[in-house]
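# Descriptive structure summary
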Amino acid sequence: MSLAEKVYKNGEEIIREGDIGKSFFLLTEGKAGVYTNYEKNNPFRIAVIDPGEYFGEMAILEAYPRSASVIAIGNVHCIEIPADDMTL
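First, a word on what this report is: a plain description of the structure on this page. (Residues numbered from 1 in each chain as written. Predicted model: local features only at pLDDT ≥ 70, side-chain atom pairs only at ≥ 80, totals over all residues. Heavy atoms only, no water.)

### Considerations on unusual backbone geometry
To be explicit about the condition: Secondary structure is summarised from DSSP: a helix means a run of H or I of at least four residues, a strand means a run of E of at least two, and numbering begins at the N terminus for each.
At Asn37, a position not held by glycine, the phi torsion is positive, near 55°. Note that Asn37 resides in the loop between β3 (23-36) and β4 (44-49).

### Focus: the pattern of salt bridges
The criterion, for reference: Throughout this description, the term salt bridge denotes a Lys or Arg side-chain nitrogen within 4 Å of a carboxyl oxygen of Asp or Glu. A 1.4 Å probe rolled over the protein chains alone gives each residue an accessible area, and that area as a share of the maximum for its type sets the label: buried under 20%, exposed over 50%, partly exposed in between.
What the rule picks out here adds up to four salt bridges. Here Lys6 makes a salt bridge to Glu80, at a shortest N to O gap of 3.3 Å. Residue Lys6 is located in strand β1 (residues 4-8), and its partner Glu80 is located in strand β6 (residues 69-82); the two are separated by 74 residues in the primary sequence. A relative accessible area of 30% means that Lys6 is categorised as partly exposed. A salt bridge links Lys31 to Asp50, with the shortest nitrogen-to-oxygen separation between them at 2.4 Å. Here Lys31 is found in strand β3, whereas its partner Asp50 is found in the loop between β4 and β5 (54-55), with 19 residues between them in sequence. Residue class for Asp50 comes out partly exposed when judged on its relative accessible area of 27%. If you follow the salt bridges from partner to partner, you end up with Glu13, Arg16 and Glu39 in one network.

### Some points on the environment of Tyr35
Where we set the bar: Residue contacts follow a heavy-atom distance rule, with two residues in contact if any of their heavy atoms lie within 4.5 Å.
Within the secondary structure, Tyr35 sits in strand β3. Considering only alpha carbons, one finds Tyr35 and Val70, 35 residues apart in sequence, at a separation of 6.3 Å. The contacts of Tyr35, once residues within four sequence positions are left out, are Glu17, Pro43, Phe44, Arg45, Ile46, Ala68, Ser69 and Ile71.

So this is what it looks like as structure tokens:
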């Protein structure tokens, strides 16, 4: 497996709405906001992700572009899990 720890600073984009998903993430430290229309004039926060939760899996499982952006709230640590390492 080629898991990788990633660190993001406050306000940094972890995933972007519309991108093709090639990995998903497990949040290990900090919090992250889930937004639609993040880069537009009317961003809408859908949820807040806490440590122990994962995100980004739907783009892999359904083979669709990412449905939301995930933005770091404070300092965030994640484990990135590439889709190629998943066994279904």
